[in-house]
Amino acid sequence: MKKELAWIFTATMMLMFATGCKTPKSIDSTYAYNSFETQCLGTDLDGSQTLRAWGKGRDKAQAIEQARKNAVRDVIFKGIVSGTGECNKKPLLNEVNAAEKYEAYFDRFFADGGIYKSFTSLGDEKRLSQQKSADNSMDNYGVVVRVNRAALRQRLIDDGVLKQ
């Protein structure tokens, strides 16, 4: 009787161990492990920064536009801390709650087809990365974007948003 109980206990424990080690399906995709933070890829002598920015959209074009906006927004409000370290880590606007204070200005600035586009150019199409969302409703694209930080800084000064 003791031998049978020991065998049943051992078999039960092995079964629990085998089923308990199964990886949940929700983490199967690489989407769950990807960092969608804007990364510095390098700088140029003209004051521009080459970045990998991520954007989300229903299609490729919408996701790429969002990535361009995210790159400019990060340069203005967050600074670029991830990546090679060559980019300026300080944001252009150090002012607390600057996005809220100048909300009307930045709503126009980041509108579809807005002023932000004049400070960006897209990099090599071959360096485009794609990640599908877990429910396949949105596409995330990592885009190489060149942001002219010096010209962007000057524009913010000219428009009275950034104080010298």
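My aim in this report is to walk through the structure given alongside it, one point at a time. These figures come from a predicted structure and were not determined experimentally. (Residues numbered from 1 in each chain as written. Predicted model: local features only at pLDDT ≥ 70, side-chain atom pairs only at ≥ 80, totals over all residues. Heavy atoms only, no water.)

Considering the packing of helix H2 (residues 60–78) against helix H5 (residues 149–158)
Move 1: Between H2 and H5, the least distance of the axes is 11 Å, while the angle of their chain directions is 65°. When you trace H2 past H5, the crossing you get is right-handed. Contacts between H2 and H5 involve Val-72, Val-75 and Ile-76 on the former and, on the latter, Arg-149, Leu-152 and Leu-156. (Axes fitted to C-alpha atoms, helices over the stretch in contact; angles between N-to-C directions. Helix = DSSP H or I, 4+ residues; strand = E, 2+ residues; numbered from the N terminus. Left-handed = near helix turned anticlockwise from the far one by under 90°. Contact = heavy atoms within 4.5 Å.)

Digging into the pattern of salt bridges
Opposite charge on two side chains permits pairing when their charged atoms draw close.
Move 1: Under the criterion given, the structure shown has 8 salt bridges.
Move 2: One salt bridge connects Lys-117 with Glu-65, and the closest N-O pair in it is separated by 3.6 Å. Of this pair, Lys-117 sits in the loop between helix H4 (103–109) and strand S4 (120–122) while Glu-65 sits in helix H2; the two residues are 52 residues apart in sequence, bridging distant segments of the chain.
Move 3: Residue Lys-117 is classed as partly exposed on the basis of its relative accessible area, which comes to 32%.
Move 4: Using a relative accessible area of 22% as the deciding quantity, one classes Glu-65 as partly exposed.
Move 5: In this structure, Lys-78 and Asp-74 form a salt bridge, with 4.0 Å as the shortest nitrogen-oxygen distance. A residue pair is termed a helical-turn pair when its members lie 3 or 4 positions apart in one helix, as Lys-78 and Asp-74 do in helix H2 at 4 residues. (Salt bridge = Lys/Arg side-chain N within 4 Å of Asp/Glu carboxyl O. Buried < 20%, exposed > 50% of the residue type's maximum accessible area, 1.4 Å probe, protein only.)

Observations concerning H5
Move 1: Residues of H5 that are buried: Arg-149, Leu-152, Leu-156 and Ile-157. Axial view of H5: buried residues confined to an arc of 140°, hence all on one face.
Move 2: If you follow the buried residues of H5, they end up packed against strand S2 (48–57), H2, H4 and strand S6 (139–148).
Move 3: Phi turns positive, to about 80°, at Gly-160, one or two residues after H5. (Arc of directions from axis to C-beta.)

Side note on the pairing of S2
Move 1: In terms of burial, S2 is a largely internal element, 9 of the 10 residues being buried.
Move 2: In this antiparallel pair of consecutive strands, strand S1 (residues 39–43) and S2, the connection spans 4 residues, and Gly-47 shows a positive phi of 90°.
Move 3: Bridge count for S2 against S6 is 10 bridges, and the pairing is antiparallel. Residue pairing in the sheet places Gly-55 in a bridge with Tyr-141 of S6. (Pairing = 2+ DSSP bridges.)

Focus on the environment of Arg-52
Move 1: With respect to the helices, strands and loops of the structure, Arg-52 is situated in strand S2.
Move 2: Through-space distance from the C-alpha of Arg-52 to that of Arg-68 is 9.5 Å; in sequence the pair is 16 residues apart.
Move 3: Of note is the side chain of Arg-52, whose polar atom sits 3.2 Å from the backbone oxygen of Gly-142. (Polar contact = N/O pair within 3.5 Å; in protein donor to acceptor, adjacent residues only side chain to side chain.)

Examining the state of the cysteines
Move 1: One pass over the structure, following the stated rule, counts 1 disulfide.
Move 2: Here Cys-40 pairs with Cys-87 through a disulfide, and the sulfurs are 2.1 Å apart. Disulfide Cys-40 to Cys-87: torsion about the S-S bond roughly 80°, handedness right-handed. Taken together, the residues span a long stretch of sequence, with Cys-40 in strand S1 and Cys-87 in the loop between strand S3 (82–83) and helix H3 (98–101) at a distance of 47 residues.
Move 3: For Cys-40, a relative accessible area of 2% puts it in the buried group. (Disulfide = S-S within 2.5 Å.)

Some details on H2
Move 1: End to end, H2 covers 25 Å across 19 residues, agreeing with the expected 27 Å (1.5 Å per residue, within 8%).
Move 2: Taken together, the buried positions of H2 are Ala-63, Ile-64, Ala-67, Arg-68, Lys-69, Asn-70, Ala-71, Val-72, Asp-74, Val-75 and Ile-76.
Move 3: Where H2 is buried, its residues meet S2, H4, S4, S6 and H5.
Move 4: Positive phi shows up at Gly-79, right after H2, with a value of about 80°. (Expected span 1.5 Å × (residues − 1).)

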